Amino acid sequence: MKVHYTGGRVDPAIIDDHKKCVALVKSIQNHHMDGNGWMDIGYCVDERTEILTREGWKTYRELRVGDMALTLNHGTAMSEWHPVLEVCVFPAMERDMVRMEGFSHSSLTTPHHRWPVERYRRRTGTERQKSSDGKWLPTGGVQRSVTGYERLWVTSETIGYWDRIPIAAPCADLPTEAKWSDAFVEVIAWFWTEGHIKPGRGAKSTSVAIYQSLKNSVNVASIRSALGELFGPPVDKFPRVGSVTDGVPRWREVVNRHLVEFHLSSDAGGHLLEMAPGRVPGFDFLLTLTKAQLALFIETSMLADNAGKDRLAQKDRAAAEAFMFAVLLSGRAASLRRIPPTRSRNTDMWLVTIRQQRNFAPRSAATRKTARFEIERQKYHGEVWCPRTENQSWLARRDGSVYFTGNTMLVCPHRKVFEGRGPNHVPAANGAGLNSGHYAVLGLVGSSGLTKPTDGILHGILDAIEYLRDKGGAGKEIKGHRDGYSTSCPGEPLYAWVKRGAPRPGGGTTNPPEPHPSFPGRTLKQPPIMKGEDVRTWQRRMRDRGWNIDVDGLYGPASSDVCAKFQKEKGLPVTGAVDRATWDAAWQEPVS
């Protein structure tokens, strides 16, 4: 481990204003990344990669800070909407990139780009034993079986055979109470796929019709039933009221040769067009649907479109994009492909395919000759970019294929520790030939201004070192940057501390004892997943006790598993739910 300082002047005011710390770190990174083209925090993708927001797919040129993006909570394996905190763009230059390409996946990323993966663990089914001479005995021909999986972060260059990238996840933020009736959702689905907006005079027309073949009697009955539930019984004809309507929504049914035509008055049609203007379902409307209503919308749309099992094809790309949005919200994976014109059709079609898988294993696919999938290094000369989100992940799309991927790791939990390239990545700060042997940890002190590290800075350096030992295999050695390299870094005061053995100020522990908060009054359990600050407080305490747990405020399967193991360790009833006894034990029981 090599300890560094920033060099130059550091404003002492950062001690009293953490925002100044953030600004200083960003200025250093901007100098490195924009001025020198280095990637201090860059785990990036190419220009053709898009991100899913609540307004639809966006390129990095369209994306703005504050846009709500769909992210993956890697601890709960559920998707969540989170704001984009930063859009990091790196200048165009020649770079080595990793291309993973095939029909079911397309990505072009920097080698250290991070991926959330599920890795399956396998065993032989028998416990190995040693003979009297200490040698392992053969286990026999027992068939190997999958026994479980763990969620990990890997990089584009280290992704393994058993690593599966999530391409879909159930959304934790879906409404639980219906805003619309099921009949209205069903009618919208029939309208956008099989509907027509009647031409009007002057003002924009709101009179619409839905068509269905007479031979599809089941579909005709479904449309008739939904319209009846929504607008009441049909009428023989619409009243003539001139240019002003009476405000009553009506519908009527007409058989025209082989078609059944359902005509809606301007008042009834206006309701449909408000949610699906131009016969394109609005994202705002889709975001208000419950899980059951999303399933109803998707099933009805595919039934009406009749493009084949788990497929939907539309001439209007915007309409196809809206349908894909609904599929992804429902927790299923989907891809979008352009179908070129044919002799019988002179326009493009856009095909949305719902995939049955929720994960994709690129390394495994690359080893199968039938998969037609490749992983290779290639030169890339364009810009690279990455968003930053709280969950350190986002839903990406490239050439129609969709997957969850990682983002940059400039995350500030207000502990004055900023993570750069992270564990298991070679740094670039120690000097030529020295980066493979040591990590680099930088304290926010300089050669003038703030030169003496505060206790908070020293605690932060030691916290970072312990983190790298735990997550990145760092050794016990702690040296200054000047050890082995001719430089004044990390400055005299910080280097003197290193020479004293880098003691923790006050002789305390990494995480000082946290005051025992009162039991929140409710038992934390799942399913369904419980949310709240009480969940976050308990998770933070368990993490401080050494448990591997995400502090996300969501009490899901991962939290329940940690709870059960903790209860077993402390001799409590093993329920996987945090009751008062389990809550109190988290603060009262000694750390084993």
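About the criteria used
- Residues numbered from 1 in each chain as written.
- Predicted model: local features only at pLDDT ≥ 70, side-chain atom pairs only at ≥ 80, totals over all residues.
- Heavy atoms only, no water.
- Helix = DSSP H or I, 4+ residues; strand = E, 2+ residues; numbered from the N terminus.
- Buried < 20%, exposed > 50% of the residue type's maximum accessible area, 1.4 Å probe, protein only.
- Contact = heavy atoms within 4.5 Å.
- Areas by Shrake-Rupley, 256 points an atom, 1.4 Å probe, with all protein chains shown as cover.
- pLDDT = per-residue confidence, 0-100.
- Core = buried A, V, L, I, M, F, W, Y, C linked by side-chain atoms within 4.5 Å.
- Polar contact = N/O pair within 3.5 Å; in protein donor to acceptor, adjacent residues only side chain to side chain.
- Pairing = 2+ DSSP bridges.
- Axes fitted to C-alpha atoms, helices over the stretch in contact; angles between N-to-C directions.
- Parallel < 35°, antiparallel > 145°, perpendicular 65-115°, else oblique.
- Left-handed = near helix turned anticlockwise from the far one by under 90°.
- Nonpolar A, V, L, I, M, F, W, Y, C, P; charged D, E, K, R; others polar.

Some details on the overall build of the protein chain
Along its length, the protein chain carries 13 helices and 29 strands. A total of 592 residues make up the protein chain; the buried ones form 47% of that total. The contacts in the protein chain between residues at least 6 apart in sequence include a share of 66% that link residues at least 24 apart. Summing over all exposed atoms, the protein chain offers an accessible surface of approximately 29,500 Å²; the carbon and sulfur share of this is 50%.

As for unusual backbone geometry
Of note, the amide linkage connecting Q526 to P527 takes the cis form, showing an omega dihedral of -5°. Relative to the assigned elements, P527 resides in the loop between α10 (492-499) and β28 (530-531). The omega angle of the peptide bond from P527 to P528 is -10°, so this bond is cis rather than trans. Within the element layout of this structure, P528 appears in the loop between α10 and β28.

Structural notes on the confidence of the model for the protein chain
For the protein chain, the average pLDDT comes to 83, and 81% of its residues sit at 70 or higher. Mean pLDDT across the elements of the protein chain ranges from a minimum in helix α1 (residues 18-35), with 59, to a maximum in helix α7 (residues 317-329), with 98. This model gives residues 36-41 a pLDDT under 50, and the stretch forms 26 contacts once residues within four places in sequence are excluded. Here residues 408-416 is a poorly scored stretch, pLDDT under 50, and it has 32 contacts once near neighbours within four places are set aside; other chains count.

Topic: the nonpolar core
Core analysis: the largest hydrophobic core is formed by 62 residues, its most contacted members being L286, F297 and F323. Take this core: its biggest share by element is ten residues, from α7. Leave out the neighbours within four places in its chain, and F297 touches V185, I188, A189, W192, P281, L286, L289, F323 and A326. V98, A333, Y380 and C386 belong to the second largest nonpolar core, which has 31 residues in total.

Re the side chain of T193
By the secondary structure assignment, T193 is in helix α2 (residues 182-194). A distance of 3.2 Å separates the side chain of T193 from the backbone oxygen of W190, its partner in a polar contact. Among all residues touching T193, those that are not within four sequence positions of it are R279, S301 and A304.

Focus: the sheet that holds strand β9 (residues 105-109)
Strand order across the open sheet formed by three strands is β9-β8-β21, with antiparallel pairing between neighbours. Looking at which strands have only one partner, the edges of the open sheet turn out to be β9 and β21 (374-380). Strand-to-strand twist of the sheet, defined as the mean angle between neighbouring strand axes without regard to direction, takes the value 20°. Bridge count between strand β8 (residues 95-102) and β21: seven bridges; the pairing is antiparallel. Residue pairing for β21: R95 is matched across the bridge by Y380.

With respect to the environment of V591
Among the structural elements, V591 can be located in the segment after α13 (580-588). Taking the C-alpha atoms as reference, V591 lies 9.7 Å from D544; in sequence the two are 47 residues apart.

Things to note about the packing of helix α11 (residues 533-544) against helix α12 (residues 557-569)
One can describe the packing of α11 onto α12 by two numbers: an axis separation of 12 Å at closest approach and a directional angle of 55°. The orientation of α11 relative to α12 falls into the category oblique. The interaxial crossing formed by α11 with α12 has left-handed handedness. Residues W538, Q539 and M542 of α11 lie in contact with α12, whose contacting residues are S559, V562, C563 and F566. Classifying every residue of the contact of α11 with α12 gives five nonpolar, two polar and no charged.

Some remarks on the sheet that holds strand β14 (residues 208-213)
Spatial strand order, β13-β14-β16-β15: four strands in an open sheet with antiparallel pairing. Two strands bound the open sheet, and with one partner strand each, they are β13 (195-197) and β15 (251-256). Each neighbouring strand pair of the sheet contributes to a mean axis angle of 25°, computed without reference to strand direction. Most of the contacts of α2 go to β14, to which it runs at about 80°, and overall it touches β13 and β14. Running over the sheet, helix α4 (residues 266-275) touches β13, β14 and β16 (259-264) and is turned about 95° from β16.

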